[in-house]
Amino acid sequence: MKILSIQSAVAYGHVGNSAAVFPLQRIGVEVLPVYTVNFSNHTGYGAWRGPLISPEDVHDVILGIEERGVLPEIDVVLSGYQGGVGIGDVIVDAVQRVKAANPSAVYACDPVMGNAKSGCFVAPEIPELLRDRVVPVADIITPNQFELGYLTGTEPGSLESTLASADLARAMGPSTVLVTSVERPDRAPDTIEMLVVDDAGAWIVQTPLLPFKANGSGDVTAALFTAHYRSTGSAATALERTVSSVFDLIEATHRSGRRELQLVEAQEAYAHPQLQFTAVQVR
């Protein structure tokens, strides 16, 4: 499998492509990383250095890949945080180019906008860009519960309302919706869930809620789920493998006392997921 991953990069720590590439490689996926920024560290520190890469330069890198004759071999285009409107256009163009070269390729979009605790943390024009121009051309989207609500103009909370919101998102274009950070009012204490909906049904997985938020865990989740889903064709299998790997990664990071994901240290969790959590079919 080959994935063209258009995301940010940092020298220190693990977010964007710096979070997604290694876990994908560890499960045997060939990744072509295209960078949208090249920062010293993620912006959560409040200070960072390094350049934003212009949409024109990102487009140029993709054209160079196309000129090598590689696009027919690309199975997936993956994108995450989009820093500006221009990069959205570049990603949509890349998807069109890849699908023209390989009609069976899919586009997986992580529509990064914010979360329930901090609200929307992207530029004001980004949610509109994602909703109106990017999500409609995606095959797979991986929003958290907050982002799902933002995209669909709903307030998902219960299982029923979250499923209804996922259906609205699927009506926008994507056939598969993975919803992360699902927090149902009636869930067991100190748990959190992940839900996936596709043409075959809907499945949910519950895990303990670790008292820890690690930047980049969503990028790892989107990457692993997309790869497992593409290789197996089963949303339930992809969900179980992904949740197992990401839980063990976050647990290892929490145990380490470090702020950054212990991405390399947890590599066995990607290569050999324990499958300690079971996906329950809810539709």
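Given the structure is predicted, the values throughout are model-derived calculations rather than measurements.

Novice: So what exactly am I meant to see when it comes to the overall build of the protein chain here?
Specialist: Helix and strand counts for the protein chain stand at 9 helices and 11 strands. The C-alpha atoms of the protein chain give a radius of gyration of 17 Å, which matches the 19 Å a tight globule of 283 residues would have. Over its C-alpha atoms, taken along the principal directions, the protein chain stretches across nearly 50 × 40 × 35 Å. Burial analysis of the protein chain (283 residues in total) assigns 53% to the buried set. Sequence separation of 24 or more characterises 68% of the internal contacts of the protein chain that already satisfy a separation of 6 or more. Of the roughly 12,000 Å² of accessible surface on the protein chain, 51% is carried by carbon and sulfur atoms. Charged side chains of the protein chain number 19 positive and 32 negative; the gap between the two group centres comes to 3 Å.

Novice: Help me understand the environment of P103 in this model?
Specialist: Structurally, P103 is set in the loop between α3 (85-101) and β4 (106-109). For P103, a relative accessible area of 70% gives the class exposed. In this structure the C-alpha to C-alpha distance between P103 and N115, which are 12 residues apart in sequence, comes to 34 Å.

Novice: It is not clear to me how the pattern of salt bridges should be interpreted in this structure. Could you clarify?
Specialist: Pairs can form between side chains of opposite charge whenever their charged atoms are close. Overall, the coordinates contain 13 salt bridges when judged by the stated rule. Residue E66 is joined to R97 by a salt bridge in which the shortest nitrogen-to-oxygen separation is 2.8 Å. Note that E66 is positioned in helix α2 (residues 55-67) and R97 in helix α3, a separation of 31 residues in sequence. For E66, a relative accessible area of 29% gives the class partly exposed. Here R97 falls in the partly exposed class, since its relative accessible area comes to 26%. For R131, the salt bridge is made with D132, and the minimal N-O distance between the two is 2.9 Å. Given the relative accessible area of 34%, R131 is considered partly exposed.

Novice: What is the right way to read the side chain of D219 from this model?
Specialist: Checked against the element boundaries, D219 lands in helix α7 (residues 217-232). Among buried charged residues, D219 stands out as having no salt bridge; its nearest opposite-charge side chain is K213, 8.2 Å away. At a separation of 2.8 Å, a polar atom in the side chain of D219 contacts the main-chain amide nitrogen of G16. Excluding anything up to four places from it in sequence, D219 contacts Q7, V15, G16, A19, A20 and D110.

Novice: It is not clear to me how the side chain of N41 should be interpreted in this structure. Could you clarify?
Specialist: Along the polypeptide, N41 turns up in the loop between β2 (30-39) and α2. A distance of 2.6 Å separates the side chain of N41 from the side chain of S40, its partner in a polar contact. Here N41 is in contact with V10, Y12, A47 and W48, once residues within four sequence places are set aside.

Novice: When you look at the packing of α3 against helix α4 (residues 126-134) in this model, what are you seeing that I'm missing?
Specialist: Helix-helix packing is described using two parameters, namely the angle between the two axes and the distance between the axes. Contact pair α3 / α4: the axes reach a minimum separation of 10 Å and the direction vectors enclose 20°. By the angle class used here, α3 and α4 are roughly parallel. Along this stretch, α3 crosses α4, giving a crossing that reads as right-handed. For the pair α3 and α4, contact is made by V85, G88, D89 and V92 and by I126, L129, R133 and V134, respectively.

Novice: So what exactly am I meant to see when it comes to the pairing of strand β8 (residues 176-182) here?
Specialist: Successive residues of a regular strand alternate their side chains across the two faces of the sheet. The buried fraction of β8 amounts to 6 of the 7 residues, a majority that puts the element mostly inside the structure. Inspection of the sheet shows strand β7 (residues 140-141) paired to β8 by 2 bridges, in the parallel sense. Residue I140 lies in a different strand from β8, and its bridge partner there is T176. Alignment of β8 against strand β9 (residues 191-198), held across 4 bridges, turns out to be antiparallel. By the bridge assignment, V182 is partnered in β9 with E193.

Novice: So what exactly am I meant to see when it comes to the pairing of strand β10 (residues 201-208) here?
Specialist: Burial analysis of β10 places 6 of its 8 residues in the buried class, the great majority of the element. In terms of strand pairing, β9 meets β10 through 8 bridges, oriented antiparallel. By the bridge assignment for β10, I192 is matched with T207. Hairpin connection between β9 and β10: a loop of 2 residues separates the two successive antiparallel strands.

Basis of the calculations
- Residue positions are counted from 1 within each chain, in the order its sequence is given.
- Note on the predicted model: pLDDT of at least 70 is required for a residue's local features to be given, and 80 or more for side-chain atom pairs to be given and counted; whole-chain, interface and lining totals, by contrast, use all residues.
- Each side-chain value is derived from all of the structure's non-hydrogen atoms; neither hydrogens nor water enter the calculation.
- Strands are runs of DSSP state E lasting at least two residues, helices are runs of H or I lasting at least four, and both sets are numbered from the N terminus onward.
- C-alpha atoms define the radius of gyration in this analysis, and the globule rule sets the expected value at 2.2 Å times the number of residues to the power 0.38.
- Exposure is judged per residue with a 1.4 Å probe applied to protein chains only, and the accessible area is read against the type maximum: over 50% gives exposed, under 20% gives buried, and values in between give partly exposed.
- By the convention used here, residues are in contact when the closest approach between their heavy atoms is within 4.5 Å.
- Here, Shrake-Rupley sampling with a 1.4 Å probe gives the accessible areas, and only protein chains in the shown set may cover a residue.
- Positive charge is attributed to Lys and Arg, negative charge to Asp and Glu, and no charge count is given to His or to the chain ends.
- Throughout, a charge is located at the NZ atom of Lys, the CZ atom of Arg, the CG atom of Asp or the CD atom of Glu.
- Salt bridges are identified by distance alone: a Lys or Arg side-chain nitrogen within 4 Å of an Asp or Glu carboxyl oxygen.
- As used in this structure description, the phrase polar contact means that two N or O atoms lie within 3.5 Å; if the pair is within protein, one of them must be able to donate a hydrogen and the other to accept it, and residues adjacent in sequence are counted only when both atoms belong to side chains.
- For helices, the fitted axis covers only the stretch in contact; all axes are lines through C-alpha atoms, and the angles between them, taken along N-to-C directions, range from 0 to 180 degrees.
- Note on angle classes: values under 35 degrees are labelled roughly parallel, values over 145 roughly antiparallel, values of 65 to 115 roughly perpendicular, and the remainder oblique.
- Rotating anticlockwise by less than a right angle from the far helix to the near helix defines a left-handed crossing, while the corresponding clockwise rotation defines a right-handed one.
- Here the rule is simple: two strands pair whenever DSSP picks up at least two bridges between them.

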